[in-house]
Amino acid sequence: MERRIYLDNASTTYVSNDVLTEMLPCFNTIYGNAGSIHSFGRDAMAIVDRARDRVKEAINAQKANEIYFTSGGTEADNWAILGVAHANANRGKHIITSQIEHHAVLNACAQLEKEGFEVTYLSVDEYGLVKLPDLLHEIRKDTTLISIMAVNNEVGTIQNIKAIAKIAHDYGILFHTDAVQAIGSINIDVQDMEIDLLSMSAHKIHGPKGVGALYVKNGVRIDPITFGGENQERGKRSGTENVPGIAGFGKAIEIACRNHIINNRKIKTIREYFLEKLKEKVEYFQVNGHPHQKSNAILNISFYGIEGESIMMLLDLAGIAVSTSSACTSKSLLPSHVLKAMGISDEIAQGSVRFSFGTNISKSDVDYVVDEIAKVVAKLRAISPIQAGRL
Ligand SMILES: Cc1ncc(COP(=O)(O)O)c(C=O)c1O
């Protein structure tokens, strides 16, 4: 059978057995509507409550009622941005974010601009870090929210979240972070890091797709963006609770946070081995992102003189799954907005491929992948009009 190797864990992950076991009874045994007051409903609500406690513990929230379940990271990001902007519009209509955010944040900000809000998109340095003096410079009297992601999904750079949150609070501004790629990768403590709102998603951490959560610190003013039943999620997020998904998310985040140190160590070893082998077998490439302030799971490499899309497609033929930028933009041929914001030329950005590692990858898998990369790169360079050594 053809070998199949999955190196696209930043796009999504498989559901782990422990998570699946947690979810299964919720489909046909504990199937009540968590909003119903009879025993079937109460049983379902008990599952939701347990998951809420698990999420609270994982991020060290003060109270479980600060966790609101959503349909995933996109909804959590949309809600944080739109909900806070709307609820605080009487104080000001200016928001600060960065150019390297996920489109779930960028497009929510674009929507606010259509509604008459002003948004500042901070540039980043060559490693993808927000520059704190720039942030300070852009703060205005009417700024109500700063939203900066914790870990970038394309290059893995980790922002100085605690310092950014402190700056926000010094000026009485709320701070939101998209932690979709951060959970399970770095330690998140919303109290210590002074985070007001934090977005999470289950399917990046071996949980199911279509479920996530927004942490909203008690006291933060936020308007709902969904309208319906007034009892669901304490009137803030209407819609029948996705009990199986929520149960799976609770278990997934508990495991991810419990094991994050050990998993990180494994993934770091594999990533370093990958880079070492790649350097032996392939010439003319660069690693994008911060050299050390970065997630171990994400490795973004530009291969000079060739297109990332072609590399991805040829690797796919060899059974290897990678992506060219974020999953949501991988069907477009535009150079990644993240690499562009980091000042990387279009020519070099076009040659970028994102490898994202899980704990199930062996050294023998890496040997196979690197051999295939070497073949693919040689094949493409032989027909490329651009000389790789020139870049
Ligand atoms: C940083 C980041 N934010 C938000 C999202 C969206 O999350 P979801 O797929 O759960 O909607 C993703 C998914 O790729 C992401 O990487």
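Note that this is a predicted model, so its numbers are computed, not measured.

(A) Region of interest: the packing of aromatic side chains. Under the defined criterion, the tally for this structure stands at six aromatic pairs. Seen from their ring centres, F274 and F357 are 5.4 Å apart, and the 75 degrees between their planes marks the pair as edge-to-face. Placement of the pair is F274 in helix α9 (residues 260-281) and F357 in the loop between β12 (352-356) and α13 (363-383), with a sequence separation of 83 residues. An aromatic cluster is defined as three or more aromatic residues linked by ring pairs; in this entry it consists of F274, F355 and F357. For the cation-ring pair, K93 lies above F117, with the distance from its terminal atom to the ring centre recorded as 4.9 Å. One Lys or Arg, K363, reaches over the ring of Y273 and ends 4.9 Å from the middle of that ring.

(B) A look at the site of the ligand. The local shell around the ligand holds 13 residues, among which G73, T74, D178, S201 and K204 are the closest. Measuring from a nitrogen atom of the ligand, one finds a side-chain N or O atom of D178 at 2.6 Å. Contact with the protein chains removes 89% of the 390 Å² of surface that the ligand exposes when unbound. Counting residues per element, the shell around the ligand draws most heavily on helix α4 (residues 73-87), which supplies three residues. Its residues placed into classes, the shell around the ligand shows two nonpolar, eight polar and three charged.

(C) The sheet that holds β12, seen in detail. Spatially, the three strands line up as an open sheet ordered β9-β10-β12, and their pairing is antiparallel. One side of each edge strand has no neighbouring strand; the edge strands of this open sheet are β9 (285-288) and β12. Averaged over all pairs of adjacent strands, the angle between their axes in this sheet comes to 30 degrees, without regard to strand direction. Pairing between β9 and strand β10 (residues 298-303): four bridges, direction antiparallel. Each bridged residue has a counterpart across the sheet, and for Q286 the counterpart in β10 is S302. Relative to the sheet, α9 contacts β9, β10 and β12, its axis offset from that of β10 by approximately 15 degrees.

(D) Examining the sheet that holds strand β3 (residues 94-98) more closely. Spatial ordering of the open sheet is given by β2-β8-β7-β6-β5-β3-β4, a layout of seven strands whose pairing is mixed. Both edges of this open sheet fall to β2 (67-70) and β4 (118-122), since each of them pairs with a single strand only. Direction aside, the axes of adjacent strands within the sheet are offset by 20 degrees on average. Bridging between strand β7 (residues 197-201) and strand β8 (residues 212-216) involves five bridges; their strand directions are antiparallel. When the sheet's bridge partners are listed, M200 is paired in β8 with A213. Each of β5 (143-147) and β6 (174-178) touches helix α7 (residues 161-170); the most contacted strand, β6, lies at about 155 degrees to it. Across the sheet, helix α8 (residues 243-258) is in contact with β2, β7 and β8; its angle to β7 comes to roughly 105 degrees.

(E) A look at the environment of A76. With respect to the helices and strands, A76 occurs in helix α4. The spatial distance from the C-alpha of A76 to the C-alpha of F227 is 15 Å, given a sequence separation of 151 residues. If we ignore the near neighbours within four places in the chain, the residues touching A76 are T70, S199, M200, A213 and L214.

(F) Region of the structure containing the side chain of H203. Among the structural elements, H203 can be located in the loop between β7 and β8. Side chain to side chain, H203 and T12 meet in a polar contact 2.7 Å long. Once residues within four sequence positions are removed from consideration, H203 is found in contact with S11, T12, T13, P208 and K209.

(G) Region of interest: the nonpolar core. Counting residues in each nonpolar core, the largest one holds 66 residues, and the members touching the most others are I59, I146, I188, L198, M200 and F249. Per-domain counts for this core show at least three residues from each of domain 1 (5-13 + 260-390) and domain 2 (17-258). Ignoring anything within four residues of it in the chain, the contact list for F249 reads V55, F69, M200, S201, A202, I205, P208, V211, G212 and A213. Counting 34 residues, the second-largest nonpolar core is a separate cluster that includes F285, A297, A318 and V366.

Criteria and cut-off values
- Numbering of residues starts from 1 in each chain and follows the order in which that chain's sequence is written.
- Totals for whole chains, interfaces and linings use every residue, but because this is a predicted model, local features are given only for residues with pLDDT of at least 70 and side-chain atom pairs only at 80 or more, for both listing and counting.
- Side-chain metrics in this entry use all non-hydrogen atoms of the structure; hydrogen atoms and water are not considered.
- Side-chain rings of Phe, Tyr and Trp (the six-membered ring for Trp) are treated as a pair once their centres are within 6.5 Å; stacked means planes under 30 degrees apart, edge-to-face means over 60, and tilted covers the remaining angles.
- Secondary structure follows DSSP: runs of H or I at least 4 residues long count as helices, runs of E at least 2 residues long count as strands, and numbering of each begins at the N terminus.
- Charge-over-ring contacts are defined here by two conditions on Lys NZ or Arg CZ: a distance within 6 Å of the ring centre and an angle within 35 degrees of the ring normal.
- Distances are taken per atom, and a residue is near a molecule or strand as soon as one of its heavy atoms is within 4 Å of it.
- Any N or O atom pair separated by 3.5 Å or less is treated as a polar contact, with the protein-specific requirement of one donor-capable and one acceptor-capable atom, and with residues adjacent in sequence counted only for side-chain atom pairs.
- Only the protein chains shown count as cover for residues, and all accessible areas are computed by the Shrake-Rupley method using a 1.4 Å probe.
- Under the convention adopted here, Pro, Cys and the residues Ala, Val, Leu, Ile, Met, Phe, Trp and Tyr are nonpolar, Asp, Glu, Lys and Arg are charged, and Gly plus all remaining residues are polar.
- DSSP calls a pair of strands paired once it identifies at least 2 bridges connecting them.
- The axes used here are C-alpha line fits, helices contributing only the stretch in contact, and every angle between their N-to-C directions lies in the interval 0 to 180 degrees.
- Residue contacts are counted whenever heavy atoms from the two residues lie within 4.5 Å of one another.
- Joining through side-chain atoms within 4.5 Å is the link that ties buried Ala, Val, Leu, Ile, Met, Phe, Trp, Tyr and Cys residues into a set, and such a set is a nonpolar core.
- Relative accessibility thresholds used throughout: buried, under 20% of the residue-type maximum; exposed, over 50%; partly exposed, between the two (1.4 Å probe, protein chains only).
- Domain start and stop points were drawn from an automatic or database domain assignment.

Spatial relationships are all this shows, so hold off on functional conclusions.
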